[in-house]
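Each chain, written out:
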Amino acid sequence: DVKVTQSSRYLVKRTGEKVFLECVQDMDHENMFWYRQDPGLGLRLIYFSYDVKMKEKGDIPEGYSVSREKKERFSLILESASTNQTSMYLCASRLGGAGEKLFFGSGTQLSVL
Amino acid sequence: GQQLNQSPQSMFIQEGEDVSMNCTSSSIFNTWLWYKQEPGEGPVLLIALYKAGELTSNGRLTAQFGITRKDSFLNISASIPSDVGIYFCAGQLKAAGNKLTFGGGTRVLVKP
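Computed from a predicted structure; not experimentally measured.

S.K.: What's the story with the overall build of chain A in this structure? I'm lost.
M.R.: In terms of regular secondary structure, chain A is built from 0 helices and 12 strands. Helices (α) and strands (β) of chain A occur, in sequence order from the N terminus, as β-β-β-β-β-β-β-β-β-β-β-β. For 113 residues, the compact-globule estimate of 2.2 N^0.38 gives 13 Å, and chain A sits close to it at 13 Å. By principal-axis analysis of the C-alpha atoms, chain A measures approximately 35 × 30 × 25 Å. Each of the 113 residues in chain A was classed as buried or not, and the buried ones make up 47%.

As structure tokens, this is what we get:
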């Protein structure tokens, strides 16, 4: 079974802190994604990566950056956390290409105070 | 980006009932997907639809890809308590690099 592991289930940070959310997948998937989930808004794509060292902006990239130095790891970075970034963050991966199944991690609930 | 309108936002189910939910879009998709998220977990794929008009079942779940390619629905027959969770539709468009656009979700709860 594919496993997508997010390093923290819950995080509490202060406004202005730099925050790192880590995601690791164990199936040699090429594509990795970061979404945020907010009630009533569904999942919105922040950033994605189709290969190592590659990154593309999603629909809501403002206030975020990403890093993909190794194929299995995709990190989401909040340079200066703000209260409106309080949310559930979901990482996902897939092998690559159209129609490939997307596998999600269990999520990180981030609270910014 | 594209918008997906999913309804209802929430619903209560009684064991044994059939329930349905749907998604509509202002533009077309090549693929429609339905996911379920249980508490404390990430979404898991239930059904994938690849052709307009396609009707696909997975156990008690049935989903259809609308003929106009702008909508999809999911039915759950004879609901049971473990059907609770949040159900998301998602559309995928090749021209958009196969990115998924998600609906707002339908939260399914059990009637007390």
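Next, the rest of the story.
S.K.: How should I be thinking about the overall build of chain B in this particular structure?
M.R.: From N to C terminus, chain B includes 0 helices and 11 strands. Going from N to C terminus, chain B has its helices and strands arranged as β-β-β-β-β-β-β-β-β-β-β. The C-alpha atoms of chain B give a radius of gyration of 13 Å, which matches the 13 Å a tight globule of 112 residues would have. With respect to the three principal axes, the spread of C-alpha positions in chain B is 45 × 25 × 20 Å. In the form shown here, chain B has an accessible surface area of approximately 5,300 Å², with 53% of it arising from carbon and sulfur atoms. Averaging the coordinates of the 9 positive side-chain charges in chain B and doing the same for the 8 negative ones gives two points 12 Å apart.

S.K.: How do you make sense of the interface of chain B and chain A when you look at a structure like this?
M.R.: Interface size, as often reported, equals the accessible area lost upon joining of the parts. Taken together, the contact between chain B and chain A spans 18 residues of the former and 21 residues of the latter. Across the interface of chain B and chain A, roughly 1,600 Å² is buried in total on both sides, 52% from carbon and sulfur atoms. In terms of surface lost to chain A, no three residues of chain B exceed Pro43(B), Lys99(B) and Phe102(B), which account for 29% of the buried area on that side. The tally of links from chain B across to chain A stands at 0 salt bridges. Connecting chain B to chain A are 4 residue pairs in polar contact (both at pLDDT 80 or more). Mapped onto the side of chain B that touches chain A, the elements with two or more residues apiece are strand 4 (31–37), strand 9 (85–92) and strand 10 (100–102) of chain B.

S.K.: Would you mind going over unusual backbone geometry with me for this structure?
M.R.: In most cases, non-glycine residues show a negative phi, while peptide bonds are predominantly trans. Here the bond from Ser7(B) into Pro8(B) is cis, since omega is -5 degrees, no more than 30 degrees from zero. Looking at where Pro8(B) falls in the secondary structure, it is placed in the loop between strand 1 (4–7) and strand 2 (10–13).

S.K.: What am I meant to see in the nonpolar core here?
M.R.: Generally speaking, a soluble globular protein has its nonpolar side chains buried in company with each other. One finds Met21(B), Trp32(B), Trp34(B), Ile47(B), Leu49(B), Leu74(B) and Tyr87(B) to be the most contacted residues of the largest nonpolar core, which totals 21 residues. The residues touching Met21(B), leaving out its near neighbours within four places in the chain, are Gln6(B), Ser7(B), Pro8(B), Trp34(B), Ser72(B), Phe73(B), Leu74(B), Ile76(B), Tyr87(B), Thr106(B) and Val108(B). In this structure, Leu11(A), Val19(A), Ala81(A) and Tyr89(A) belong to the second largest nonpolar core, which totals 20 residues.

S.K.: Hey, could you run me through the side chain of Thr106(B) in this one?
M.R.: Residues and elements named next belong to chain B. Examined against the element boundaries, Thr106 turns out to sit in strand 11 (residues 106–110). From its side chain, Thr106 meets the backbone oxygen of Pro8 in a polar contact 2.6 Å long. Leaving out residues up to four positions away in the same chain, Thr106 has contacts with Gln6, Ser7, Pro8, Gln9, Met11, Met21, Gly85, Ile86 and Tyr87.

S.K.: Honestly, the sheet that holds strand 8 (residues 71–76) of chain B in this entry has me stumped. Any pointers?
M.R.: The strands that make up a sheet pair up through hydrogen bonds in the backbone, lying either parallel or antiparallel. All names here are of chain B. Read across the open sheet, the 5 strands follow the order 1-3-8-7-6; overall the sheet is antiparallel. Each having just a single partner strand, strand 1 and strand 6 (55–58) make up the two edges of the open sheet. Here the strands of the sheet are splayed against their neighbours by 15 degrees on average, with no regard to which way each runs. Here strand 1 runs beside strand 3 (residues 19–25); their pairing, made up of 4 bridges, is antiparallel. Paired with Gln6 across the bridge in strand 3 is Cys23.

S.K.: So what exactly am I meant to see when it comes to the side chain of Gln6(B) here?
M.R.: Residue and element names in this part refer to chain B. Positionally, Gln6 belongs in strand 1. A polar side-chain atom of Gln6 sits 3.3 Å from the main-chain amide nitrogen of Cys89. Reaching out from Gln6, the side chain makes a polar contact with the side chain of Thr106 at a distance of 3.2 Å.

S.K.: Explanation requested: the pairing of strand 10 (residues 87–94) of chain A in the structure shown.
M.R.: If a strand is regular, its side chains alternate between the two faces of the sheet. Residues and elements named next belong to chain A. Within strand 10, 8 of the 8 residues are buried, leaving the element largely enclosed by the surrounding structure. Burial of the side chains of strand 10 extends over both faces: Ser87, Tyr89, Cys91 and Ser93 are buried on one face and Met88, Leu90, Ala92 and Arg94 on the other. Sheet topology places strand 10 next to strand 12 (residues 108–112); 3 bridges connect them, and they run antiparallel. Along strand 12, the bridge assignment pairs Ser87 with Leu110. Judged from the 2 bridges that link them, strand 10 and strand 11 (residues 103–104) form a sheet pairing that is antiparallel. Bridging across to strand 11, Ala92 finds its partner in Phe104.

Definitions and cut-offs
- Residues numbered from 1 in each chain as written.
- Chains lettered and ligands numbered in written order.
- Predicted model: local features only at pLDDT ≥ 70, side-chain atom pairs only at ≥ 80, totals over all residues.
- Heavy atoms only, no water.
- Helix = DSSP H or I, 4+ residues; strand = E, 2+ residues; numbered from the N terminus.
- Rg over C-alpha atoms; globule rule 2.2 N^0.38 Å.
- Buried < 20%, exposed > 50% of the residue type's maximum accessible area, 1.4 Å probe, protein only.
- Areas by Shrake-Rupley, 256 points an atom, 1.4 Å probe, with all protein chains shown as cover.
- Lys, Arg positive; Asp, Glu negative; His and termini not counted.
- Charge placed at Lys NZ, Arg CZ, Asp CG, Glu CD.
- Contact = heavy atoms within 4.5 Å.
- Buried area = accessible area lost by both parts, 1.4 Å probe.
- Salt bridge = Lys/Arg side-chain N within 4 Å of Asp/Glu carboxyl O.
- Polar contact = N/O pair within 3.5 Å; in protein donor to acceptor, adjacent residues only side chain to side chain.
- Core = buried A, V, L, I, M, F, W, Y, C linked by side-chain atoms within 4.5 Å.
- Pairing = 2+ DSSP bridges.
- Axes fitted to C-alpha atoms, helices over the stretch in contact; angles between N-to-C directions.

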